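Results of the structural survey
Residues per chain are reported as follows:
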2 protein chains.
Amino acid sequence: MASRPAPTGRLRAAPENFLDRAAIAQVADEARQGRRGFLRSAFAAAAAGLAAAPATAQPAGDPAILELPEHTRGLGQPVAADGYGKPSRFETNVQRRQSPGLTQTRQASVSFAPLQSLFGIVTPSGLHFERHHQGWWDIDPSKHRLMINGLVKAPKVFTIDEIMRLPSVSRFRFIECGANTGMEWGNVAVPTVQYTHGMLSCSEFTGVPLITLLEMAGVDLKKGRFVLAEGADGSSMTRTIPMSLIRSGEVLVAYGQNGEMLRPENGYPLRLVVPGIQGVSWVKYLRRLEVGDQPYATKDEAIHYLDLMPDGTHRQYSGIQECKSVITTPSGGQMLLDQGYYSITGLAWSGRGKVKQVDVSVDGGRNWKAARLQGPVLDKCLTRFQLDWAWDGKPALLQSRAVDETGYVQPNYRQLRAVRGSRSIYHNNAIQTWLVEASGEVKNVQVS
Amino acid sequence: MASRPAPTGRLRAAPENFLDRAAIAQVADEARQGRRGFLRSAFAAAAAGLAAAPATAQPAGDPAILELPEHTRGLGQPVAADGYGKPSRFETNVQRRQSPGLTQTRQASVSFAPLQSLFGIVTPSGLHFERHHQGWWDIDPSKHRLMINGLVKAPKVFTIDEIMRLPSVSRFRFIECGANTGMEWGNVAVPTVQYTHGMLSCSEFTGVPLITLLEMAGVDLKKGRFVLAEGADGSSMTRTIPMSLIRSGEVLVAYGQNGEMLRPENGYPLRLVVPGIQGVSWVKYLRRLEVGDQPYATKDEAIHYLDLMPDGTHRQYSGIQECKSVITTPSGGQMLLDQGYYSITGLAWSGRGKVKQVDVSVDGGRNWKAARLQGPVLDKCLTRFQLDWAWDGKPALLQSRAVDETGYVQPNYRQLRAVRGSRSIYHNNAIQTWLVEASGEVKNVQVS
């Protein structure tokens, strides 16, 4: 089979990479030399030194040794001096990427996580998606404060140190931008899963339950039914969070992400973690929480992240990210290089709890098979699924459909549009379809 | 209270950081200006332009606005151009560190994870501990091969792509060097938890169960009771893995760590994951697996990672990392800045399964209290524990004691030495003691 261009994703397998019997023998030979060749030549050199016995000494520049890769012959690098590692030079293509079609200025920018290249459920913090409403900052934590005011007995101002001294919790949670998969409403069919679904990430977040801080300030839980969260960056992002969610203990004032401090572009030194709710409510650079008796209807809530419904009205405060899933491999932009076995894998999540089931179809939704769910399956967290598949070389339509523990079933486009119309931007959780062409090319298509 | 030097860890809280009533009013003022000041001046400027009404216009350079931090007034940075983020400039002190007392050459080096600064259970890959037997390499994955030979019907050579095409699993697992806490055998009492316990990390690893690859090669499971794993770096690290462990499906040929490809210093592009077993068996730069009928007793197994017993004999193949725990905060080198509330937190783990219980003592082991375990509690994975504590300003001896699901109880030094003597280097899982002095200083001490 002729060589083909490398696909975008992980399907780099090509049958010509299988070594034949002669190649196996050669590698076996190299391995033996790697383990024993050094000893042989070292002994020989020692013998040469002692007895000047050139007949038994290994000649300099032994071709068998020179054929070994450098890393098998020599010394590598000691531990890195800067004390913080980075990915391989061969992985520089795995990066979060901006979309040419969207804003990318200091006023507003977005980058997408490379879902097609990720494994498991944790998103490396360096690849976590970004959405900046007026650019990101690296704020000095020693100067940053968090104020709690409004319907509380004693307004409080916390330093970061004071917050970090309190008992914390750590939880694996997904975060998804409300606008994720937004372009698909218009059937724009952007090419790759990085751009269709890449405003999605998952981390182990560490912080203090917000209810703890509110109680320290003597919150009035009778009148105080909402909290306004406000960010310190230029956008002064403000979002209303219902007290019912806060009282559940789910909402965190977080400083940790994947074991270390939050990254600057993700809200360092403090961000709100609002599990199951769209990312814009996870206010970054969090500086103030005001307890009130009604939703605040701030500019960010009145203008953005609204759902334009078929009757022309706007639906507000619809921030729960409903059950959704997507196949990340094979996905748009990748290429199947040969017929035969493929591992179909992807991610499922629900803002209402745990994923209960994921079904996969390879014929556009006519037949479904239950996928294997990778444990642990956690609340409001990404869940990875997998299904074995033998591709017969014919066109195929790959879909995944998730069901969460409430029984909610991820809709297809026909079902979603019947309720929501077609002019929305936000909260698109429809079933994604990838077309595998006979050539092996994988493309983003929309089927109803 | 006078200002004191900042402690090493997270206990940076100082009472003088609490703002007084005037300071609260000022921050409240700033927050109001942040949200409304811009609108006011924008309206005013517009009014000035329309009606030339200087009496209502905001004067240029309004001091109230100039006092706001820059990040509240201006535009931040757009998404980073290089597509891969890094920690805040204020966190550069959180790094893995070499020990001056140990080797740090290209021939052999080690760096320790900063446990005192980490949250939750995931270790950021950039802070994962390192142990190099002949330095690390960044190996070209397209040229790397994994050979399987020995007692198999058809020896096989896999490319990375071929391995990545197979169905994978992802699992959160700890890895601990067999020499972790080794200096404490000699009661050297190195100062911080980074150096006493920092050859410990935890990641979500992704790969193919080794048994799958062996079965593809037609492994002889009757005769084949051991597998030799061999690395491709200069050390040609070789370790014997029992087939019983491999048949359980636990042992992985891994390429993924925390969602992305392994880091070069942790074995990119392939390493063995041998849950519960000391780190040296997790062979990095994995290039060969040979199935045999007996343990290989290679040089690495015959000389290193042995336990020198009280009777002068060496115990070999004792690679299981028994149940262990350590308090990471407060810990050596930190300082308690005032009396009152502290959250005692740390990590527990067992090479034999799940952690069942962690008890904490503040009086050197006379009295114990059950700590809260942070979920999810996973098999052969780090588990974080936490206990509330009110420090009365008197000296205290902090200890943690873990129990795993087999019922094994982490020993104290007296119990451990009774069995193992005092001349070992490896496999020290004794209870760690931190002395809190009346001054607030926290020190590493050994109590029996």
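Read on for an overview of the structure. Note that the coordinates shown come from a computational prediction; the quantities given were computed from them, not determined experimentally.

We now examine the state of the cysteines. All names here are of chain A. Enumeration according to the criterion identifies zero disulfides over all chains in this entry. Not engaged in a disulfide, the cysteine cysteine 381 finds its nearest cysteine sulfur in cysteine 202; these two sulfurs lie 3.7 Å apart. Overall, the relative accessible area of 1% leaves cysteine 381 in the buried class.

Right, let's get into the pattern of salt bridges. Within this structure, the stated rule accounts for 38 salt bridges over all chains. A salt bridge links B:Arg315 to B:Asp307; its shortest N-O distance comes to 3.0 Å. You can call B:Arg315 partly exposed: its relative accessible area is 33%. Each member of the salt-bridge network shares a partner with another, and the members are A:Arg173, A:Glu250, A:Asp379 and A:Lys380.

Contact residues are listed per partner, giving 110 residues for chain B and 112 residues for chain A. Buried area between chain B and chain A, both sides added, is near 9,800 Å², and the carbon and sulfur share of it is 58%. Viewed at the interface, chain A and chain B are joined by four salt bridges. Note that B:Asp138 and A:Arg89 form a salt bridge whose closest N and O atoms lie 3.3 Å from each other. Applying the counting criterion to the chain B and chain A interface returns 48 residue pairs in polar contact (both at pLDDT 80 or more). The element best represented in the side of chain B that touches chain A is helix H1 (residues 21-51) of chain B, accounting for six residues. The class makeup of the residues in the side of chain B that touches chain A is 43 nonpolar, 38 polar and 29 charged.

Below, the discussion takes up the side chain of B:Glu301. Secondary-structure assignment places B:Glu301 in helix H8 (residues 299-303). Among buried Asp, Glu, Lys and Arg side chains, B:Glu301 stands out as unpaired, with B:Arg239 the closest opposite charge at 4.3 Å.

It is worth spelling out the nonpolar core at this point. In this structure, A:Val253, A:Leu272, A:Leu289, B:Val253, B:Leu272 and B:Leu289 are the most contacted members of the largest nonpolar core, which totals 182 residues. With near-sequence residues (within four places) excluded, A:Leu289 lies in contact with A:Leu146, A:Met147, A:Ile148, A:Asn149, A:Leu210, A:Val227, A:Leu228, A:Ala229, A:Val253 and A:Leu272.

Okay, the sheet that holds strand S24 (residues 442-445) of chain A next. Residues and elements named next belong to chain A. Read across the open sheet, the five strands follow the order S19-S18-S22-S23-S24; overall the sheet is antiparallel. Two strands lie at the open edges of the sheet, namely strand S19 (369-370) and S24, each paired on one side alone. Bridging between strand S23 (residues 433-436) and S24 involves four bridges; their strand directions are antiparallel. When the sheet's bridge partners are listed, threonine 433 is paired in S24 with valine 445.

Turning our eyes to something else, we now look at the pairing of strand S10 (residues 252-257) of chain A. All names here are of chain A. Among the six residues of S10, six are classified as buried, and the element is accordingly described as predominantly covered. Both strand S7 (residues 200-209) and S10 contribute to a ladder of five bridges, which runs antiparallel. Along S10, the bridge assignment pairs proline 209 with leucine 252. Across three bridges, the pairing between S10 and strand S12 (residues 271-273) is antiparallel. Counted as the bridge partner of alanine 254 is arginine 271 from S12. Relative to strand S11 (residues 260-261), S10 runs antiparallel, the two sharing two bridges.

Residues and elements named next belong to chain B. By the element assignment, asparagine 412 lies in the loop between strand S21 (396-404) and helix H9 (413-420). Taking relative accessible area as the criterion, asparagine 412 reaches 17% and is therefore assigned buried. Polar contacts involving the side chain of asparagine 412 include one to the main-chain amide nitrogen of arginine 414, which spans 3.2 Å.

Residues and elements named next belong to chain A. The set of residues buried in helix H9 (residues 413-420) consists of Tyr413, Leu416 and Arg420. Down the axis of H9, the buried set is contained in an arc of 65°. They therefore lie on one face. Exposed side of H9, more than 90 degrees from the buried face: Arg414, Ala418 and Val419 are the residues found there. Packing partners of the buried residues in H9 comprise strand S14 (307-308) and strand S15 (314-315). Capping the start of H9 is the job of one residue whose side-chain oxygen sits 3.1 Å from the backbone nitrogen of arginine 414: asparagine 412. Within two residues after H9, glycine 421 carries a phi angle of roughly 75°, on the positive side.

Analysis parameters
- Residues numbered from 1 in each chain as written.
- Chains lettered and ligands numbered in written order.
- Predicted model: local features only at pLDDT ≥ 70, side-chain atom pairs only at ≥ 80, totals over all residues.
- Heavy atoms only, no water.
- Disulfide = S-S within 2.5 Å.
- Buried < 20%, exposed > 50% of the residue type's maximum accessible area, 1.4 Å probe, protein only.
- Salt bridge = Lys/Arg side-chain N within 4 Å of Asp/Glu carboxyl O.
- Contact = heavy atoms within 4.5 Å.
- Buried area = accessible area lost by both parts, 1.4 Å probe.
- Polar contact = N/O pair within 3.5 Å; in protein donor to acceptor, adjacent residues only side chain to side chain.
- Helix = DSSP H or I, 4+ residues; strand = E, 2+ residues; numbered from the N terminus.
- Nonpolar A, V, L, I, M, F, W, Y, C, P; charged D, E, K, R; others polar.
- Lys, Arg positive; Asp, Glu negative; His and termini not counted.
- Core = buried A, V, L, I, M, F, W, Y, C linked by side-chain atoms within 4.5 Å.
- Pairing = 2+ DSSP bridges.
- Arc of directions from axis to C-beta.

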